[in-house]
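Observations on chain architecture
Read off the chains here:
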Amino acid sequence: MTSMTAARTSAPADRPRPGLRERKKIKTREAIRAATYALVEEHGYEATTIEQIAERAEVSPSTVFRYFPTKEDIVLTDEYDPILLEELRARPADEPWTDSIRHVMREAVRTGIEEDRDVARLRTRLMVEVPAVRSRMMESMSVTGRMLCTAIAERTGRDPDSLEVRVYAMSLIGGLMETSLYWAEHDHRDDLTSLVDRTLGVLQQGLPRENP
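These notes cover the structure that comes with them. Predicted model only: the values in this text are computed from it and were never measured.

About the thresholds
- Residues numbered from 1 in each chain as written.
- Predicted model: local features only at pLDDT ≥ 70, side-chain atom pairs only at ≥ 80, totals over all residues.
- Heavy atoms only, no water.
- Axes fitted to C-alpha atoms, helices over the stretch in contact; angles between N-to-C directions.
- Helix = DSSP H or I, 4+ residues; strand = E, 2+ residues; numbered from the N terminus.
- Parallel < 35°, antiparallel > 145°, perpendicular 65-115°, else oblique.
- Contact = heavy atoms within 4.5 Å.
- Nonpolar A, V, L, I, M, F, W, Y, C, P; charged D, E, K, R; others polar.
- Expected span 1.5 Å × (residues − 1).
- Buried < 20%, exposed > 50% of the residue type's maximum accessible area, 1.4 Å probe, protein only.
- Polar contact = N/O pair within 3.5 Å; in protein donor to acceptor, adjacent residues only side chain to side chain.
- Core = buried A, V, L, I, M, F, W, Y, C linked by side-chain atoms within 4.5 Å.

It is at 5 Å that the axes of helix α7 (residues 117–129) and helix α8 (residues 131–156) come closest, and there the two elements cross at 100°. Between α7 and α8, the angle falls in the class roughly perpendicular. Counted together, L126, M127, V128 and E129 of α7 and P131, V133, R134 and M137 of α8 form the full contact between these two elements. Counted by class, the contact of α7 with α8 contains six nonpolar, no polar and two charged residues.

Have a look at this one:
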């Protein structure tokens, strides 16, 4: 998910398998991402060009731009935001909203780390080291924030465009982004799931009296 670059949610077991055309698109996106990650590790972010990425992924530069408008989008974009919304909707209707968020985010982090710890570390490291990546991340936060507004409104019966819902949603997105930055700035030593728990605790209970 773009809001939490280290975290991803797994597709529900009963989710329909995409058609052949969509599977080809997914395969192409994954090839472009894999090429980008490998080249960045080899040459650094700034030295990696779209032409190099296209050659490594065995596609044309125009194909890269068709899937990802900017190089930063290759690092940040994934297809998991809609799945996050599905996961939230699948939680029990009588479950407290904060518990639903905690459960889904913990699962998202666990899945993301299990899938590829090195990629999760690279993405968050680039957020810290490359201003353009961090800036693009902040731009994309509004998209995920609006998605969360929809989920919050469905669960609570509030207006998704109300100030309270918007503030809560963007506070959550911003908090998760800062969690990713903190994790990378501290050399990924901490357990990311524990950091997410601390973040959600601050949002739910306010600033603790003492440092944890």
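What follows picks up the thread again.
This next bit is on helix α10 (residues 192–205). In this model α10 runs 20 Å from its N-terminal to its C-terminal C-alpha over 14 residues, within 8% of the 20 Å that 1.5 Å per residue would give. Within α10, the full set of buried residues consists of L192, T193, L195, V196, T199, L200 and G201. Immediately downstream of α10, the backbone of G206 shows phi near 90°, a positive value.

With respect to the helices and strands, the residue T63 is situated in helix α3 (residues 61–67). Here S60 takes part through its side chain, which lies 2.9 Å from a polar atom of the side chain of T63. Filtering out sequence-adjacent residues up to four positions away, T63 remains in contact with T28 and I32.

Ranked by internal contacts, the top residues of the largest apolar core, which has 40 residues, are L88, I101, L126, V133 and L148. Among the elements of the structure, α1 (20–43), α4 (71–76), α5 (81–90), α6 (97–115), α7, α8, α9 (163–185) and α10 are those that each provide at least two residues to this core. Apart from residues lying up to four places away in sequence, L88 is in contact with W97, S100, I101, V104, L148, A151 and R155. Among the nonpolar cores identified, the runner-up in size contains 10 residues, and I32, A57, F68 and I74 belong to it.

The values are spatial; any link to function lies outside them.
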